[in-house]
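Structural overview
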Amino acid sequence: MKAARNLVQSLQPQAITSPEDLLTAGFIPPDHLAAVTEASATLPVSITSHITGLIDPASPDGPVAKQFIPTGLENTKQDEELADPIGDIPHSPIAGIVHRYPDRVLLTPVLTCPVYCRFCFRREAVGDGLLALVELDAALDYIRNHSEIWEVILSGGDPLIMSPRRLTQIIDALDEIDHVAVIRIHTRVPVVDPKRITDSLVTALKRKTPVFIVLHCNHADEMVVEAEQAIATLVDNGFPMLSQSVLLKGINDDPDVMAALMKKLVSCRVKPYYLHHGDKAQGTSHFRTTIATGRAIIARLRGRLSGLCQPSYMLDIPGGHGKVPAAEAYLQVTDDSRWVVKDWQGNTHIYHD
Ligand code: SF4
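First, a word on what this report is: a plain description of the structure on this page. (Residues numbered from 1 in each chain as written. Predicted model: local features only at pLDDT ≥ 70, side-chain atom pairs only at ≥ 80, totals over all residues.)

Turning to the nonpolar core, a few remarks are in order. The biggest cluster of nonpolar side chains holds 83 residues, and the ones touching the most others in it are Ile-51, Val-115, Tyr-116, Cys-120, Val-152 and Ile-183. Not counting the four nearest positions on each side in its chain, Cys-120 is found in contact with Leu-43, Val-126 and Ala-281. (Core = buried A, V, L, I, M, F, W, Y, C linked by C-beta atoms within 7 Å. Buried ≥ 20, exposed ≤ 12 C-beta atoms within 10 Å, placed from the backbone. Contact = placed C-beta atoms within 7 Å.)

And the structure:
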């Protein structure tokens, strides 16, 4: 990958924002253009120059390329796939707020992302720009008026695509709400557009309220030196960092690939948090594995990797019923109240309560 990267860098990578750009860059052949154009009608095409610099046109199905270059497979929708796979809409009392769990809300001030991931679970919603100021004010009022909200999760879209000025306004407003004890930001920016992690951005985020940053990263090849430096800037400035990854067929559905990602994250001071089972978003079946595959990968990580490197494997129940752990249960109770415990090597033991 490094050799390929150097080769492509010498051609000065350009950002890509249309199917025609993909063709010009040599990332899709001419006979794919019509299908890719159809796919981009639902989820736009956007790939930062940083990411195009990581893609070798000779290997357009590499683990980074595959996440961002559309294919005609997105135009095939399965019956069980949903436009709103995790049920955001039924839990959205007003624009910009998703209130699914009692003590926390999602605040989505922006629906734009620097890249569009082809497996995105919000693929029907993202790409629409900024929440109008009047809607943002109403969303902040909603948080002010619900004293049970302990944590606000900025998501989207990618919140770190907003200007430091807009971020400052939002973080200031949240910082002033007494019952908001924690702010969490979900972002892909440090790995897809690391130059956005600037001193002004850090200043916009630093407040007395702790700000946790959850990095979306799916393969160790995304963790190049620029990404490592962006992460280091955030961690050095006191932001605790966690990760979330999506289990993706042909990208990271392999125990060794997943182990390499988790170890790389920890070595960059990012604690693996969630590994999401692929949501049933429309046109994404080519990315989804079975839960059995996910469980097998998690079982291989357990025992072989440090506890620091273990993510929780999570299934978001379709329809908006929330997340549940999807890994195999290692303890099961018997009829006579004994527990059968399976260890990391698959051996079973009895535990008396
Ligand atoms: S960055 Fe997140 S919200 Fe944006 S396209 Fe990727 S998965 Fe979807």
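Turning our eyes to something else, we now look at the sheet that holds strand 10 (residues 331–333). Spatially, the three strands line up as an open sheet ordered 10-11-12, and their pairing is antiparallel. Strands with a single pairing partner mark the edges of an open sheet, and in this sheet they are strand 10 and strand 12 (348–352). Recorded for the sheet is a direction-independent mean angle of 30° between the axes of neighbouring strands. In terms of strand pairing, strand 11 (residues 338–342) meets strand 12 through five bridges, oriented antiparallel. (Pairing = 2+ DSSP bridges. Helix = DSSP H or I, 4+ residues; strand = E, 2+ residues; numbered from the N terminus. Axes fitted to C-alpha atoms, helices over the stretch in contact; angles between N-to-C directions.)

The next thing to look at is the packing of helix 11 (residues 255–267) against helix 12 (residues 291–301). When two helices pack together, their arrangement is given by the angle between their axes and by how far apart the axes lie. The interhelical angle for the contact between helix 11 and helix 12, taken along N-to-C directions, is 55°, at an axis separation of 9 Å. For the element pair helix 11 / helix 12, the angle class is oblique. When the axes of helix 11 and helix 12 are compared, the crossing they make is right-handed. When helix 11 is examined against helix 12, the residues Pro-255, Met-258, Ala-259 and Met-262 are found in contact with a partner set consisting of Ile-297, Arg-300 and Leu-301. In terms of residue class, the contact of helix 11 with helix 12 is made up of six nonpolar, no polar and one charged. (Parallel < 35°, antiparallel > 145°, perpendicular 65-115°, else oblique. Left-handed = near helix turned anticlockwise from the far one by under 90°. Nonpolar A, V, L, I, M, F, W, Y, C, P; charged D, E, K, R; others polar.)

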